[in-house]
Every structure is written in structure tokens, then in C-alpha cells.
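Topology and contacts: notes
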Amino acid sequence: MSRYGIAEWFGEPFAEMSVAKRKQLAAMALGEIEAPHCPFQRNHTQCRKKGGVCSIQRYAEGVRGRIGPRQGDPVIVCPERFKAGDLVTRWLADVVGLDKETALIAFEVPFMHSTVTDKPAGRIDLVLANDDDGNLVWYGLEIQAVYFSGKGMTSEFERLLADSSVLPPYPNAIRRPDWRSSSAKRLMPQLQVKVPTLRRWGTKLAVSVDRQFFESIGGPSPNPVQDLDEGEVIWLVPEVSSGYRLQRWHWETLSLEDSTKKLLAARTVNRTEFEKTLRSKLHWYLE
């Protein structure tokens, strides 16, 4: 038996924390004391992630209600985690051939405006550019962390605040990465809106998701293409190693159409399977 629990909390490995540190961060997560600065952002601004969870991972169930060994690698649930060491932006510069020494960067660049208020209604997460003698060359970058489904984390934070055992407690509820909401419902519409316009403008959009996310939508193509002329979407896929280090894992270029197919990847259940699940969920309407 295993459950997802906190892997990194306010930028620190959870399983290695002392009791005092867990209690301190639990108080931060519950808003009782001020949150720390984010170690992954360039300017180390204060953490804005509610609860401060950077990544989650599976833990085996240990003895007496404690966590057991970690299973697999962490799954990133906060987009700021992708900014560690400027790894993704440096990677993008290498892929597209921008000079890192002269490269410029901009965050949250308005891309759409409301037809009602004329205020920004959509942004590109990050733009990497070179501006040499008025010749502006740039590439957009969208970062997509994973949402998780299940019970909220407040009860977990409250339990950690009260807990005084050396080993952290086993997660108190079933929580899991919501790959479908993160991919087909969130990331795919972003690509469908932005990529056609960037294609007309003669540039490309890069997308960064972590290895676990990418594998959930099929993983690397059978014959990955690393030719920028062969697609409009540059997939940059880092991973968080077992030592909690963000590192390059895989990149490839895909067309918008192939990217959409990848994000939509799912099979329809057959009628027998559907109705078996349906029967298990039915209850009296008027109870």
C-alpha cells in the first residue's frame, strides 16, 4: 500500500526534516506565521503557494502509522519549482540557439485582452529573447505543474503541527496527481489559443512539464524529433531526481496537432466496465 504525500515543502525535502522544522513549516502552511522566501525563484520572493507544497511523491506505509520508504520520484505541483537554477530557461536558450550571455527574459507577458474591459485576459508565462540592433528574436515558454485531486491538505498540516514523532506520519488521505485536469483541461487549451498566433508571428512556444507528467501522456515519441523546423511546440521535460535536484531529462519538437493528440490521450471504457463502476456509485436519490 502506498499514498502520495509531501515530497518538498517550502523548498526543503520533507522526509529528512526534524520534528521542529515540520512544526514550523506546518504553522507557515496554516498561515500562523509568515511563509519563507522561495529558494527556486531568482529574486527569492516570498512563497505564494498556498500550503507551500512544491512536490509530492508516493510513500510506502510504514509501521505504527509512520511513512515508509519513498517510491518513485517527486511530482511537481508548484510552477515555481521549474525555475530552480534557471535550468529550463538555459535549456531553452541552448535548444533555440540564443546566446545566454545576452539573452533577455520577461515574465507574465500579456497575450490577450478582454473585449469588455480591455484588460489582460491571458499571458505567456515567460519569454526568452535576444534584441540585437532592433532585431528582436524571442520564444515563449509555458510551465505546467500538476494539480492533485482528493482531500485538501489542511488536515495534514494540522496533524503535522501536533505530531512529535521522529518519522513523519503516513499521509492521512488519498491524494493523487490529476493528470487529466492538468493536461487536457488546462494545458491543451493554452496551446490551442497561443500556438497558432505564434506560428503566424514566425516563432514557437516551448512547454515545460516534469517527467512524471510527460510519461502520463505517453512519454517520449517512438522517434523523437529535435529539429525546430518540424514542429511549433518545443517540449522541455526536466525531472526532480531522488536527491531533489532539478535536471534535464528529455526534449523534443512536436506539431500542435501531435501535441493535442498527446494531451488528449485516453481510452474510452467499454459499457460493461462503465456500468460496473456506475452500480458501485449509485445511491438512493431521496435518502
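First things first, this report covers the structure right here in the doc. None of the values given here were measured: they were computed from a predicted structure. Each chain has its residues counted from 1, running along the sequence as written. Local features in this predicted model are restricted to residues whose pLDDT is 70 or higher, and side-chain atom pairs enter the listing and the counts only when it is 80 or higher, whereas totals over whole chains, interfaces and linings include all residues. Only hydrogens and water are removed before side-chain values are computed, so all heavy atoms of the structure are retained for them.

**Let's talk about the overall build of the chain**
Short version of the rule: Helix and strand labels come from DSSP, where a helix needs a run of H or I of at least four residues and a strand needs a run of E of at least two; each type is numbered from the N terminus. For every residue, the accessible area obtained with a 1.4 Å probe (protein chains only) is divided by the maximum for its type, and the residue is called buried under 20%, exposed over 50%, and partly exposed between those limits. In this tally, Asp and Glu contribute negative charge and Lys and Arg positive charge; neither His nor the terminal groups of the chain are included. In this description, the location of a charge corresponds to atom NZ of lysine, CZ of arginine, CG of aspartate or CD of glutamate.
In terms of regular secondary structure, the chain is built from 7 helices and 12 strands. Once the C-alpha set of the chain is aligned to its principal axes, its extents read approximately 65 × 50 × 45 Å. Evaluated residue by residue, the chain yields a buried proportion of 47% over its 287 residues. Positive and negative side-chain charges in the chain, numbering 39 and 36 respectively, have mean positions lying 8 Å apart.

**Overview of a nonpolar patch on the surface**
Test applied: Each patch is built from salt-bridge-free residues with over 30% relative accessible area, joining like charges within 9 Å and nonpolar side chains (Val, Leu, Ile, Met, Phe, Trp, Tyr) within 5 Å. A 1.4 Å probe and the Shrake-Rupley method give the accessible areas. Residues count as covered only by the protein chains that appear here. By definition, a salt bridge exists where a carboxyl oxygen of Asp or Glu is found within 4 Å of a side-chain nitrogen of Lys or Arg.
Together, V269, F274, L278 and L282 give the surface a local cluster of nonpolar side chains, amounting to about 370 Å² of exposed area. As for its placement among the helices and strands, L278 is situated in helix α7 (residues 271–281). On the accessibility criterion, L278 (36% relative accessible area) is partly exposed.

**Some points on the sheet that holds strand β5 (residues 104–113)**
Applied cut-off: Any two strands are treated as partners once DSSP identifies two or more bridges connecting them. Axis geometry follows a simple rule: fit a line to the C-alpha atoms, using only the stretch in contact for helices, then measure angles between N-to-C directions, giving values from 0 to 180 degrees.
A sheet is described by the order of its strands in space; here 6 strands give the open sequence β5-β6-β7-β10-β11-β12, paired in mixed fashion. With one partner strand each, in any of the chains shown, β5 and β12 (246–254) form the two edges of the open sheet. Within the sheet, the average angular offset between the axes of one strand and its neighbour, ignoring direction, is 30°. The pairing of strand β6 (residues 120–132) with strand β7 (residues 135–143) spans 7 bridges and is classified as antiparallel. Following the sheet pairing, V127 is matched in β7 by G140.

**Details of the packing of helix α1 (residues 19–29) against helix α3 (residues 154–162)**
Let me state the cut-off plainly: Two helices cross in a left-handed way if the nearer one is turned anticlockwise from the farther one by less than a right angle. They cross in a right-handed way if the turn is clockwise. The contact rule is simple, with two residues in contact once any of their heavy atoms fall within 4.5 Å. Under the scheme applied here, ten amino acids are nonpolar (Ala, Val, Leu, Ile, Met, Phe, Trp, Tyr, Cys and Pro), four are charged (Asp, Glu, Lys and Arg), and all others, including Gly, are polar.
Contact geometry of α1 with α3 gives a least axis separation of 8 Å together with a crossing angle of 145°. The element α1 and its partner α3 pack so that their crossing is left-handed. Residues R22, K23, A26, A27 and A29 of α1 form the contact with α3, whose own contacting residues are F157, L160, L161 and A162. Of the residues assigned to the contact of α1 with α3, the class counts are 7 nonpolar, no polar and 2 charged.

**Side note on the nonpolar core**
Nonpolar side chains in soluble globular proteins generally cluster together in the buried interior. Rules: The criterion is simple. A nonpolar core is a set of buried Ala, Val, Leu, Ile, Met, Phe, Trp, Tyr and Cys residues joined through side-chain atoms within 4.5 Å.
Counting 44 residues, the largest nonpolar core has W9, L191 and W235 as the members making the most contacts within it. One finds F82, A145, L228 and L236 within the second-largest nonpolar core, a separate group that totals 29 residues.

**Some words on the sheet that holds strand β4 (residues 67–76)**
Here 4 strands make up an open sheet; going across it, the order is β2-β1-β3-β4 and the pairing antiparallel. A single partner strand is all that each edge strand has here, and the edge strands are β2 (12–13) and β4. Strand direction decides the pairing type here: strand β3 (residues 53–61) and β4, joined by 5 bridges, are antiparallel. Considered in β4, the bridge of I56 is made with V75.

**Points about a negative patch on the surface**
Side chains of D99, E101, D131, D132 and D133 sit close together on the surface and give a patch of like negative charge. Tracing the chain through its elements places D131 in strand β6.

Taken by themselves, the reported measurements are silent on function.
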